Amino acid sequence: MADDFEGREIVKVRPNTKDYPVGMSFSICSSETANDGAIPFGTTMSSAVVKAYGPTGADVTAILVTIPATVQGNTVKCGVSWHEKIVPGLHTLTAVLTFASGHIYEFDLKRVLVEAH
């Protein structure tokens, strides 16, 4: 399974979009020495926080991410919504993952295209 956080997919958010579900999958490294996954071997994700940044880099988490992140196995899920105060353009979601081992790591995730109409 390929990790799904490399910007390969764009989510479009248009007026009237409310709580659109977004999911990001992370694979586990197959061994202690393999660098073939996003989650270190021998640990699991314990929590995640998804943040959103606008085209200029401004933090727009409070108005774009309307359902906070949850962890379900190796997947992080959240919801995004359109808001009249969001500047149209390409936004970026990031996830700050906390692992059961105590390690914390941030990933750049999906791109969100906010359209005015």
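Our subject is the structure listed above.
Bear in mind that the values here come from a model prediction, so they are computed numbers and not experimental data.

**Student:** What exactly am I supposed to notice about the side chain of T43 here?
**Tutor:** Its location among the elements puts T43 in the loop between β2 (20-25) and β3 (45-53). Here the side chain of T43 touches A100 through a polar contact of 3.4 Å, landing on its backbone nitrogen. Separated by 3.1 Å, the side chain of T43 and the backbone nitrogen of S101 make a polar contact. With residues near it in sequence (within four places) discarded, T43 still touches F99, A100 and S101.

**Student:** Is there a simple way to think about the pairing of strand β4 (residues 65-72) in this case?
**Tutor:** Across a regular strand the side chains alternate sides, sitting on one face of the sheet and then on the other. Across five bridges, β4 lies against strand β5 (residues 75-80) in antiparallel orientation. Opposite V71, over in β5, you have V76 as the bridge partner. In textbook terms, the turn of a hairpin is the stretch between consecutive antiparallel strands, and for β4 and β5 this stretch comprises two residues, one of which, G73, has a positive phi near 70°.

**Student:** I'm lost on the sheet that holds strand β6 (residues 89-99) in this one. Help?
**Tutor:** Through backbone hydrogen bonds, the strands of a sheet pair up, either in parallel or in antiparallel fashion. Read from one edge of the open sheet, four strands run β1-β7-β6-β3, paired in mixed fashion. Each edge of the open sheet is held by one strand with a lone partner, namely β1 (10-13) and β3. On average, each strand axis in the sheet is inclined to that of its neighbour by 30°, with strand direction left out of account. Bridge count between β6 and strand β7 (residues 104-114): nine bridges; the pairing is antiparallel. Residue pairing for β7: T92 is matched across the bridge by R111.

**Student:** How do you make sense of the packing of aromatic side chains when you look at a structure like this?
**Tutor:** The geometry of an aromatic ring pair comes down to the distance between the two centres and the angle between the two planes. If you walk through the whole model with that rule in mind, you get two aromatic pairs. Between F26 and F107 the ring centres are 5.2 Å apart and the planes differ by 55°, which places this aromatic pair in the tilted class. Of this pair, F26 sits in the loop between β2 and β3 while F107 sits in strand β7, and the two are 81 residues apart along the sequence. F107 shares its class with F26; the two are buried. Aromatic rings pair up to connect F26, Y105 and F107 into one cluster.

**Student:** Any chance you could explain the pattern of salt bridges here in plain terms?
**Tutor:** Side chains carrying opposite charge are able to pair once their charged atoms draw close together. All told, the structure shown has two salt bridges when counted by the stated rule. The partner of E115 in a salt bridge is R14, with the nearest N and O atoms 2.6 Å apart. On the criterion of sequence distance, the pair formed by E115 in the segment after β7 and R14 in the loop between β1 and β2 is long-range, its members being 101 residues apart. Two residues, K18 and D19, come together in a salt bridge whose shortest N-O distance is 3.4 Å. Look at K18 and you get exposed, because its relative accessible area is 64%. Taking the relative accessible area as the measure of exposure, D19 reaches 28% and is therefore partly exposed.

**Student:** Is there a simple way to think about the nonpolar core in this case?
**Tutor:** Note that soluble globular proteins tend to have their nonpolar side chains buried in a common cluster. Among the nonpolar cores identified, the biggest contains 27 residues, and F26, V50, L64, V76, L93 and L97 are the most heavily contacted of them. Breaking this core down by element, the ones donating at least two residues are β1, β2, β3, β4, β5, β6 and β7. Once you skip the residues sitting within four places of it in the chain, V50 turns out to touch M24, T61, V65, A69, V76, C78, L93, T94 and A95.

Reading guide: rules and limits
- Residues numbered from 1 in each chain as written.
- Predicted model: local features only at pLDDT ≥ 70, side-chain atom pairs only at ≥ 80, totals over all residues.
- Heavy atoms only, no water.
- Helix = DSSP H or I, 4+ residues; strand = E, 2+ residues; numbered from the N terminus.
- Polar contact = N/O pair within 3.5 Å; in protein donor to acceptor, adjacent residues only side chain to side chain.
- Contact = heavy atoms within 4.5 Å.
- Pairing = 2+ DSSP bridges.
- Axes fitted to C-alpha atoms, helices over the stretch in contact; angles between N-to-C directions.
- Phe/Tyr/Trp six-rings, centres within 6.5 Å; stacked < 30°, edge-to-face > 60°.
- Buried < 20%, exposed > 50% of the residue type's maximum accessible area, 1.4 Å probe, protein only.
- Salt bridge = Lys/Arg side-chain N within 4 Å of Asp/Glu carboxyl O.
- Core = buried A, V, L, I, M, F, W, Y, C linked by side-chain atoms within 4.5 Å.

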